[in-house]
Structures are given as C-alpha cells and as structure tokens.
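Examining the three-dimensional arrangement
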Amino acid sequence: MYARAAALHDTGRDLIHMELGSPHADTPNGIKQATIRALLAGDVHYSHFQGIPKLRKALAEKLSARNGLDYTPDEIVVTNGLTHASFAAFMALLDPGDEVILLEPYYPQHVGKIELAGAKPVFARLDAANRFSINPALIEEKITPKTKMIALINPCNPTGRVYSREELQGLADLAIKHDLLIASDEVYEEILFDNAKHISIASLPGMRERTISMFAFTKSFAMDGWRIGYLTAPSNLIEGILKITTNDVTHVNTFIQEGAYAAVTGPSDVLHDLVEEDRIKRDIVVSRLNQMPGVTCDWPEGTIYAFPNVAALGIPAQSLAETILDKADVVVEAGSFYGSTGEGHLRVCFGSQSTERVTEAMNRLQRFFGSL
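1. Quick look at the overall build of the protein chain
Secondary structure summary: the protein chain contains 12 helices and 12 strands in total. For 372 residues, the compact-globule formula gives about 21 Å, and the C-alpha radius of gyration of the protein chain, at 21 Å, lands near that figure. Along the longest, intermediate and shortest principal axes, the C-alpha atoms of the protein chain span 60 × 55 × 40 Å. Taken across its 372 residues, the protein chain has 56% of its residues classed as buried.

Right, here's the structure in full:
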C-alpha cells in the first residue's frame, strides 16, 4: 500500500498515510542535543563492537528495573534497530532446514530474514475468535522435529494485543517441553494503554537460557530514522550473534549511541508524553471506527495500531484497502498482508499522523463506509 500511495505522490492528492508504523512525533530534544554534543566532541571513530560500555550498562539497569531481566552488559548487543537485532539472531542461531514458527497474524519482515538464514517459516494461528490470543494447542500442532524457534511479537503488531502472563506461560511451557528458542520482539514495550502490563517472556522460569529478547528506541522515543536498538541473550548465544554483527556492520554509529544513552537515562516524563499522545489518537480512531457501518474494532492494549474487523462487508481486505485509497485518499493496510488469519481486517496506524490528521482520516473513512 505504501508503494501504491507513493505512485500517486505527484498527482497532488492529499493522502493521509496510516499504513507505515512510523511515529509522527519528533525525537525529543534532549536526545538530539546529546547526540550533537557527542558529534562535536569528536566521538566519530570506531567504538566497542557490542556498543559503548556506558550504554550497555544503562540498558542492563533498565532491563533489570523494568523488564525483570538479569543480564550483564556483556550479554547485550547494541544493533541498528530491531530489524538488525532479529537478522543477527536468525542468522546466528538458525541452520538450513530449521523451522521457525510465526504467530499469525505475523510480522512479514521476519519471514525474509528467516529464509535468508536457510530456514523455513511455519505459521501458527492466533485465536482470532478470542481477540487473537495465544492458544498453545494451535501452536503445538505446528511443531515438528525440525522446529528450532518460535518468534513472538509482544506487544503485537498488527493486532495491538499485550499478552497476559497466562498466555506467555503457555508459550513458555511449549518452548521448554520441545526445547525451542524464543525470539522475542518487544519494540512496542513502552507503548501501553489502560494499565496494560508488558511482560518479557525471558523473565518467566526456565526462559532466560532460551530467549533472545530484542528492543529498540524506534517507536517509544520516535527514533525510527536513527536505526538503533539492542538485544540481550545468555552469553553462549551472544558469542554467535557477535559473529554476525561484527561482520555485517562492525558496530553501531558511535555518536548516535550517546543519544540512545540520553533516552534510556533521561526523565520519564518525555516517554510518558509521547505515549499519552498515542493514547489520545487511539481513542479517536477506535471510537470513530466503531461508529462506521460494517466495522467493529477492539481496543488495542498497546502499539500504535488499530486492527478493525471489516469482514461483515464481504470485501477482501486487500481490495477494500485499495478502494479506500482510491475513493477516500486514506492509506491503510490489509490485514491479509499479515497472513490469512488477518483476512477480514485492516491495519490502521494511528501513531503516524497528528491528532488533526487522524481526525480528518476518520471523517473520510466515515463518509466512505457510509457510502457502501
């Protein structure tokens, strides 16, 4: 849908982009200033392959305080965003012929990285009838002797679910029973609503030794273009991961790591304000979608996405998304882009626009759905 919209860029149409998970907010000024100071101070040369030591120390303290994870700085690798973290994990830990289970609706970008490692993605359905919850029975039926890993996204893109401790424990029990690794994508860990609680699966009993937990500053601190994230794992897994990262990028940009350090050690009200802005826009989008004919939408507990159900309209999701672009000048994604379990849904990114533009997008969608 992004490509379709880009082709219309020069037509003069006023498109409202709600397809990409790109934060609308600017990166907080304190983070920018810390980076500028580092650049002007000459922090422009090679630095530690795993990330500058003070940043990894600060990340270890954050993981302990907020995630319940006990890792040393030597068990942390600073990466070029979560995309790079997952690439390094898949390349280091998967062999040709291995199978990786993705929970569907899944994050499509993980598919290509798994395939680049020579492994095979296998799709296990989330329980769509129960708000896309984790149902261990639907996952276990996909486990074979070739299964090496399960990829988890929590909070979940595209559904907006924040998984409960019970759901995560069910997944952990499967991993332990079948001796599987978990690659846990937690990029939306800070973007939570309505007192939802994010739990890192590695904090559950027996999971530290089999989990690669991956994080980024991308969404929480509106730093998507900065390309900085990090992963943590037990030392025996870190050794292999470093073989990948030191050969593909050597290390992350030195002075940008100072900005990340400012983010993780800075005042919490900055993060609170950014999340509050997303909550306001979520409330606008979900309340308005639920007023539209043929549309129902659960309240996302986290992330920057709504995942409205449009199955009652009887129109394939991709066709509907294309028609919305053509008729309403609003760009959304089809739920089917995230696998067949997402059919009958659209993904609407409320974090990508200002409050005013989000409101205008809902006005356009109200007219569109009312005309069907």
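2. Comments concerning the side chain of glutamate 104
Structurally, glutamate 104 can be placed in strand S3 (residues 99-104). Of the side chains with opposite charge, arginine 125 lies nearest to the buried glutamate 104, which makes no salt bridge, at 7.1 Å. With sequence-adjacent residues up to four places away left out, glutamate 104 is seen in contact with Phe123, Ala124, Arg125, Leu126, Tyr338, Gly339, Ser340 and Thr341.

3. Considering helix H4 (residues 81-93)
Its 13 residues place the ends of H4 19 Å apart at the C-alpha level, agreeing with the 18 Å of an ideal helix rising 1.5 Å per residue. Along H4, the residues classified as buried are Gly81, Leu82, His84, Ala85, Ser86, Ala88, Ala89, Phe90 and Leu93.

4. Some thoughts on the layout of surface pockets
Computed from the structure, the largest pocket encloses a volume of approximately 580 Å³. Around the largest pocket sit 27 residues that line it, and Gly21, Tyr107, Gln109, Lys219 and Tyr305 are the ones nearest its centre. Breaking the lining of the largest pocket down by element, the ones donating at least two residues are H4 and helix H5 (109-116). The element contributing the most residues to the lining of the largest pocket is H5, with 3 residues. Split into classes, the residues belonging to the lining of the largest pocket amount to 12 nonpolar, 7 polar and 8 charged. When its volume is computed, the second largest pocket comes out at roughly 380 Å³. Arg66, Glu189, Glu190, Leu192 and His198 are, among the 19 residues lining the second largest pocket, the residues nearest its centre. Of all elements in the fold, only helix H3 (53-67) and helix H10 (268-289) reach the threshold of two or more residues within the lining of the second largest pocket.

5. Digging into the pairing of strand S8 (residues 229-232)
Within a regular beta strand, the side chains point alternately toward one face of the sheet and then the other, so they alternate between its two faces. The two faces of S8 match: Gly229 and Leu231 on one face and Tyr230 and Thr232 on the other face are all buried. Here strand S7 (residues 211-216) runs beside S8; their pairing, made up of 4 bridges, is antiparallel. Residue pairing in the sheet places methionine 214 in a bridge with leucine 231 of S8.

6. A look at the sheet that holds strand S9 (residues 305-306)
One open sheet holds the 3 strands; their spatial order is S9-S12-S11, and the pairing between them is antiparallel. Strands at the two margins of the open sheet, each flanked by one partner only, are S9 and strand S11 (333-334). Pairing between S9 and strand S12 (residues 346-349): 2 bridges, direction antiparallel. Across the sheet, residue tyrosine 305 finds its bridge partner in S12, namely cysteine 349.

7. Some details on the sheet that holds S3
With respect to topology, 7 strands assemble into an open sheet ordered S2-S8-S7-S6-S5-S3-S4, the strand pairing being mixed. Looking along the sheet, the strands with just one partner apiece sit at the ends: strand S2 (76-79) and strand S4 (120-125). When the angles between neighbouring strand axes are averaged without regard to direction, this sheet yields 20 degrees.

8. Some details on the packing of helix H2 (residues 29-40) against helix H9 (residues 254-265)
Two numbers describe how H2 lies on H9: the axes approach to 7 Å, and their chain directions differ by 145 degrees. Seen along the crossing, H2 lies across H9 with a hand that is right-handed. Note on element contacts: H9 touches H2 through Phe255, Ile256, Glu258, Gly259, Ala262 and Ala263, opposite Gly30, Ile31, Ala34, Thr35, Ala38 and Leu39. In the contact of H2 with H9, the residues fall into 8 nonpolar, 3 polar and 1 charged.

9. Here's the deal with the environment of arginine 227
With respect to the secondary-structure elements, arginine 227 resides in the loop between S7 and S8. Look at arginine 227 and you get partly exposed, because its relative accessible area is 31%. Through-space distance from the C-alpha of arginine 227 to that of threonine 83 is 8.8 Å; in sequence the pair is 144 residues apart. Every residue in contact with arginine 227, bar those within four places of it in the chain, is listed here: Thr79, Asn80, Gly81, Thr83 and Thr218.

10. Digging into the packing of helix H11 (residues 317-328) against helix H12 (residues 355-371)
Any two packed helices are characterised by how steeply their axes cross, that is the angle between the axes, and by the distance between the axes. Orientation of H11 relative to H12, taken along the N-to-C sense of each, is 110 degrees, at an axis distance of 10 Å. By the angle between their axes, H11 is roughly perpendicular relative to H12. Crossing geometry of H11 relative to H12 is assigned as right-handed. Facing H11, whose interface residues are Leu320, Thr323, Ile324, Lys327 and Ala328, H12 presents Arg364, Leu365, Phe368 and Phe369. Tallied by class, the residues present in the contact of H11 with H12 amount to 6 nonpolar, 1 polar and 2 charged.

Cut-offs applied
- Residues numbered from 1 in each chain as written.
- Predicted model: local features only at pLDDT ≥ 70, side-chain atom pairs only at ≥ 80, totals over all residues.
- Heavy atoms only, no water.
- Helix = DSSP H or I, 4+ residues; strand = E, 2+ residues; numbered from the N terminus.
- Rg over C-alpha atoms; globule rule 2.2 N^0.38 Å.
- Buried < 20%, exposed > 50% of the residue type's maximum accessible area, 1.4 Å probe, protein only.
- Lys, Arg positive; Asp, Glu negative; His and termini not counted.
- Salt bridge = Lys/Arg side-chain N within 4 Å of Asp/Glu carboxyl O.
- Contact = heavy atoms within 4.5 Å.
- Expected span 1.5 Å × (residues − 1).
- 1 Å grid on protein atoms, 1.4 Å probe; cavity = no way out; pocket = protein on both sides within 12 Å on 5 of 7 lines; lining within 4 Å.
- Points joined across faces, edges and corners; volume = space filled by probe spheres on them.
- Nonpolar A, V, L, I, M, F, W, Y, C, P; charged D, E, K, R; others polar.
- Pairing = 2+ DSSP bridges.
- Axes fitted to C-alpha atoms, helices over the stretch in contact; angles between N-to-C directions.
- Left-handed = near helix turned anticlockwise from the far one by under 90°.
- Parallel < 35°, antiparallel > 145°, perpendicular 65-115°, else oblique.

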